[in-house]
Amino acid sequence: MKRLSLITLTILLAMGCQRSDANPLENKQPTGTVQESSTVSRLTSCYDADEWTCEVEAAIVRKTNEKRAELKRAGLEQVFETSYIARGHSKVMPVEGISHNGFKERFDALREALPGIRIGAGAENVAWMSFSQDDPELVAAEFVKMWWNSKGHKANMEGAQYRYIGVGVVRTDDNRVFATQMFH
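Residues numbered from 1 in each chain as written. Predicted model: local features only at pLDDT ≥ 70, side-chain atom pairs only at ≥ 80, totals over all residues. Heavy atoms only, no water.

### Description of the environment of Ser-45
Using the following cut-off: Comment: elements are numbered from the N terminus, with helices defined as DSSP H or I runs of at least four residues and strands as E runs of at least two.
Relative to the helices and strands, Ser-45 is located in the loop between helix H1 (2–15) and helix H2 (51–70). Here the alpha-carbon distance between Ser-45 and Phe-80, two residues 35 residues apart in the chain, equals 6.6 Å.

This is how it looks when you write it as structure tokens:
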């Protein structure tokens, strides 16, 4: 089952690039010692998604950081490779259901994509909702509110040990929206 999840993740990463045949995570930095920097991402923007998806993802990051600020926690830096992997998981959930299946494999792929970043323990929040609303801010607010009102999800969002976040959102034709947050 784990092998199937890893194969699925690999296929999703490869298929996720609709405008290009290239997987953005394949252009790895040379191995060896890589200095951490305040900008860890090689992808520089929301990768290969429509404007609405990018706006919802950015709003979830912003609203998560607003909640962290209420607790005097540092804001999380969005890493677009992490968002890309999170969106890959969100693409699977409409078919396979809401789950954390493949969690380890997603973080293994992230460690491989970002060899200069120490990625120890990570955490993940997943959810889905039905929406007829097109306003990205309202959609993001509902996800953040739902996670914040759940003890385990809130613990992930407020975790002082995390510095980085990735968010992946997928909207289906029947107005369901699936979201994944990854923290490291």
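### Topic: the side chain of His-184
To be explicit about the condition: When accessible area is computed with a 1.4 Å probe and restricted to protein chains, residues below 20% of their type maximum are described as buried, those above 50% as exposed, and intermediate ones as partly exposed. N or O atoms within 3.5 Å of each other form a polar contact, as long as, within protein, one can give a hydrogen and the other can take it, and as long as residues adjacent in sequence are counted only when both atoms are side-chain atoms. Only heavy atoms enter the contact rule, under which two residues are in contact if any of them lie within 4.5 Å.
Relative to the assigned elements, His-184 resides in the segment after strand E4 (176–183). Note on His-184: relative accessible area 7%, which makes it buried. Among the polar contacts listed, one links the side chain of His-184 to the side chain of Thr-82, at a separation of 2.9 Å. Those residues within four positions of His-184 in sequence are excluded, and the remaining contacts are Val-79, Thr-82, Phe-107, Leu-110, Ile-119, Ala-121, Tyr-162, Arg-163 and Tyr-164.

### Points about unusual backbone geometry
Glycine aside, negative phi is the norm for most residues, and most peptide bonds take the trans geometry. If you check the backbone angles, Lys-72 has positive phi at about 65° while not being a glycine. On the secondary structure map, Lys-72 appears in the loop between H2 and strand E1 (77–78). Looking at Lys-72, the relative accessible area reads 76%, which means it is exposed. Unlike most non-glycine residues, Asn-175 shows phi in positive territory, near 65°. The topology assignment puts Asn-175 in the loop between strand E3 (164–171) and E4. Its relative accessible area of 38% is what places Asn-175 among the partly exposed residues.

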